[in-house]
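Single-letter residue listing:
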Amino acid sequence: MHAHDPKLSADHSNEIGLYAKRKSVFPKAIDGPFRRFKWLVMAVCLAVYWGTPWIRWDRGPYAPDQAVLIDMGNRRFFMFDIEIWPHEFYFVAGLLIMAGVGLFLLTSAVGRAWCGYACPQTVWTDLFQHVDRFVDGDRNAQMRLQKAPWGPAKIARRALKWSIYLLISFGTGGAWIFYFADAPTLQHEFWTGTAAPVAYATTFVLTMTTFVLGGFMREQVCIYMCPWPRIQTAMLDEKSLIVTYKDWRGEPRGSVKAALKAATPLGDCIDCMQCVAVCPTGIDIREGPQIGCITCALCIDACDKAMADVGRPRGLIDYCTLENAEREKRGQPVTPVLRSIFHPRTLVYLGVWSAIGLALLFALGQRARLDLSVAKDRNPEYVTLSDGAVRNAYTLKLRNMEERPRTYRIALQGLEAGAIFTDEMDAATAARVLTVDVAPDTTRQLRVYALAPRGSKPADFAFVLAATDKEGGSDLAATTFTTAQGNGQ
Amino acid sequence: MSKPRLDDATGVETVGHEWDGIEELNNPLPRWWLWSFYACIVFAIGYCVAYPAIPLLNTSTKGMLGWSSRGDLAKEMTAEGLRTASLRAELDKASIEQIAADPRLRRAAIDGGHAAFKVNCVQCHGNGAAGSAGYPNLNDDDWLWGGDVATIHQTLVDGVRQPGDDATRMSQMPAFGRDGILTAAQVQDVVSHVRVIAGEEKPSASAQRGAAIFEANCAVCHGAGGEGSRAVGAPKLADAIWLYGGDRKTLTQTITNARYGVMPAWGSRLDPVTVKMLATYVHSLGGGEEAPAPVPDIAAAAK
């Protein structure tokens, strides 16, 4: 990389200000394969975001029928056929780790593709820039309007544009809340003013963040606020795809006319500035790789179009790895893109990513849908009864994570002379095995007494929970039985 | 220490301190910071006027809004009282047996009783209601006066040995040793006998002698077999539970000097709803008994 800003190497004179005023960016409309791909990604992203909460999913009578639902009130997370309880949150943590490693993988394979295509900031900025063009016209009209004094026409256009911004922002902020409650119900409540205050507050906050971040801050979020570009620049290597201006082919630049007059042959770049005009972050890619470049490839579309117009080969600006750039410069054959995508680093990331994914899938298939936990009463630790028998009390929590009522058997393992009964039973009917019903998708708390005859020794034992239906499944919770002689060991 | 000088790179004056070649620029405070600072001062003045702020000798300024943390607490307590008012009214109206029979009321009473127990009862009966020497364990199945919920309620209302309460629980045991009813040797024999029927000792000559003394002096209240009597609050002796202790020394003391445990009459100290909740809570601890079958009214049958 060459120092493209001569000022940075200058002495410590007063000419470098630490503050730079934002230069408004008015990207020009462009069509081309990358632009069309960007349209597609944008459509998919927006459709996923707005559509997901409205997908219905039949889970039977005991669970919500929304495919993706984060039910904070009941502390459940539904995702199609998967239901996550709070104690299974590691699945969500695993998904987040996969998302993180996935970004590493994507970055090492195709550079900042996330930034260029799928990041919400990019998608919404793009959407708002289309609104700009729809209301104000293309780049030049926008620039004229910016300079124009405030008059009725400008006020009208600004009012219209900001209203559309606000409408989109409201749609964006408002859609978020549907992930947290039954979407049709909440929609009705929202418009009739009966939804929870937090729904309105969330909608308001997200409307305003979308309005400000997408409508006004735009590329400044990427350049100043977001940590990800910094991390990504550290993750890129000589095999990562980045948008490259092939200066060895383009320089010295000059218009077609200038080339005719020039004494020495000029490069392919006709200095038409189209790559700068279409750039959504307002940079000049010809200055080399830089943090402002989100690799959206619109300048590739623009340059290809210009090259076609003057009859020169496409790809003066193109996705290229640093390694291939060096090879091309020296006139050596370049590595095909697919080969450079699958280099050891991406393979390692892919391996880690898939390993986590497979482990999660495996854990998901193996996870128990019932659970038992036991807390022993510590005050009093034991109670001596009239006949000298010793009674210990336990609080059992039986989790039924299935969407149907289930019947469980609770049995004693160990404590050979002991028997158990609940606080709703008579001590005389104490037995080694109890049968209890647990409602669907709930945790039932049960007080259970364990009874051992006079002179019993303290002992360690366990409660065993087993489902009686044919799907079965069981869980075991170890605990201890205390007598006047102490605890079990 | 170096002299303040103009810094070349920034054109800002330095403050004149220097440590290991590191100097500090004398930049003015940022505008926004200053304005926030002024805004804080204005806010503080307003706050001092509106809220209690300035300490005086015995009190402090009250503030124009009349806010106080005690007032906040009072408001919260009132709100909580209103929230539970209907439930308390229901508990007030229901009899103790009706509460026991209604799962919703019973649950509420147990929760409320648990809280009231922590305030009023733990001092003697302990946090887990396990009692200690002289203070009954409320978790077990042994009751001095009866373990059904109505009897527990009555014990709570009138207390034990509460002066001035006619219905209070009153058990009387003579101080057999101190009052000279039995000799020291006879007391030891009774101790042996009591420990035998409780299963703590093997039969002995002393216990046999004690059996006869027990028959003559103790059986009238404690029963011939030491089964106790809830009517007079005489503890069951033929079991594994001791109120004061079952070792020889403690039993000797008990028989020599007698024991007179007391409990306040909670009916005159707490409101009726709280007492009902306490009774329900104590009944739920694991030793609660079913209400005895109603005794046929002989007087009515005779008519």
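Cut-offs applied
Residues numbered from 1 in each chain as written. Chains lettered and ligands numbered in written order. Predicted model: local features only at pLDDT ≥ 70, side-chain atom pairs only at ≥ 80, totals over all residues. Contact = placed C-beta atoms within 7 Å. Helix = DSSP H or I, 4+ residues; strand = E, 2+ residues; numbered from the N terminus. Expected span 1.5 Å × (residues − 1). Buried ≥ 20, exposed ≤ 12 C-beta atoms within 10 Å, placed from the backbone. Domains from an automatic or database assignment. Nonpolar A, V, L, I, M, F, W, Y, C, P; charged D, E, K, R; others polar. UniProt positions renumbered as here; feature names shortened; annotations may be inferred. Pairing = 2+ DSSP bridges. Axes fitted to C-alpha atoms, helices over the stretch in contact; angles between N-to-C directions. Parallel < 35°, antiparallel > 145°, perpendicular 65-115°, else oblique.

## Considering the interface of chain A and chain B
Chain A puts 14 residues into the contact, and the matching count from chain B is 17 residues. Looking at the side of chain A that touches chain B, the elements with two or more residues in it are strand 7 (383–384) and strand 8 (390–400) of chain A.

## Let's talk about helix 17 (residues 344–366) of chain A
Residue and element names in this part refer to chain A. Relative to the 33 Å expected for 23 residues at 1.5 Å per residue, helix 17 spans 32 Å between its end C-alpha atoms, a close match to the ideal helical length. If you check which residues of helix 17 are buried, you get Thr346, Tyr349 and Trp353. In this fold, the buried residues of helix 17 make contact with helix 2 (90–110) and helix 16 (337–341).

## Some remarks on the domain arrangement of chain A
Residues and elements named next belong to chain A. Partitioning chain A into structural domains gives domain 1 (29–234), domain 2 (238–336) and domain 3 (370–481). Using C-alpha coordinates to define each centre, domain 1 is positioned 49 Å away from domain 3. Every contact between the two is made by five residues of domain 1 and, on the other side, five residues of domain 3. Of the residues belonging to the side of domain 1 that touches domain 3, the class tally is three nonpolar, one polar and one charged.

## Remarks on the UniProt feature "binding site: heme c 2" (unreviewed entry) in chain B
All names here are of chain B. Under the UniProt annotation, "binding site: heme c 2" (unreviewed entry) lies at Met173, Cys218, Cys221 and His222. Look at the named residues: they lie 50 residues apart in sequence, but the longest C-alpha span between them is just 10.2 Å, so in the fold they bunch up. Structurally, the position occupied by Met173 is in the loop between helix 6 (149–158) and helix 7 (184–197). On the basis of neighbour counts, which here come to 18 C-beta atoms within 10 Å, the residue Met173 falls in the partly exposed class. Discounting residues that sit within four places of it in the chain, Met173 has contacts with Ala258 and Arg259. Inspection of the secondary structure assignment puts His222 in helix 9 (residues 219–222). Beyond its immediate sequence surroundings of up to four residues, His222 is in contact with Gly228, Ala234 and Leu237.

## Structural notes on the sheet that holds strand 11 (residues 433–438) of chain A
Residues and elements named next belong to chain A. Taken in spatial order, the four strands make up an open sheet running 11-9-13-14, and their pairing is antiparallel. Each edge of the open sheet is held by one strand with a lone partner, namely strand 11 and strand 14 (474–481). On average, each strand axis in the sheet is tilted by 25° relative to the strand beside it, whichever way the strands run. With six bridges joining them, strand 9 (residues 406–413) and strand 13 (residues 459–467) adopt antiparallel strand pairing. Its bridge partner lying in strand 13, Tyr408 is registered against Ala467.

## Re the UniProt feature "binding site: heme c 1" (unreviewed entry) in chain B
Residue and element names in this part refer to chain B. As annotated by UniProt and renumbered to match this structure, "binding site: heme c 1" (unreviewed entry) occupies Cys121, Cys124, His125 and Met263. Judged by maximum C-alpha separation, these annotated positions cover 143 residues in sequence but sit close together in space, the widest gap being only 10.6 Å. Inspection of the secondary structure assignment puts Cys124 in helix 5 (residues 122–125). The residues touching Met263, leaving out its near neighbours within four places in the chain, are Gly159 and Val160.

## Considering the UniProt feature "transmembrane region" (unreviewed entry) in chain A
Following the UniProt record, one finds the feature "transmembrane region" (unreviewed entry) at residues 37–55, 89–106, 162–181, 193–216 and 347–365 of chain A. Along residues 89–106 of chain A one finds 94% helix and 0% strand; the C-alpha atoms at either end are 25 Å apart.

## With respect to the packing of helix 4 (residues 120–136) of chain A against helix 8 (residues 197–217) of chain A
Residues and elements named next belong to chain A. It is at 8 Å that the axes of helix 4 and helix 8 come closest, and there the two elements cross at 70°. Here helix 8 runs roughly perpendicular to helix 4, going by the angle between their axes. Contacts between helix 4 and helix 8 involve Gln121, Trp124, Thr125 and Phe128 on the former and, on the latter, Thr210, Leu213, Gly214 and Gly215. Within the contact of helix 4 with helix 8, the residues separate by chemical class into three nonpolar, five polar and no charged.

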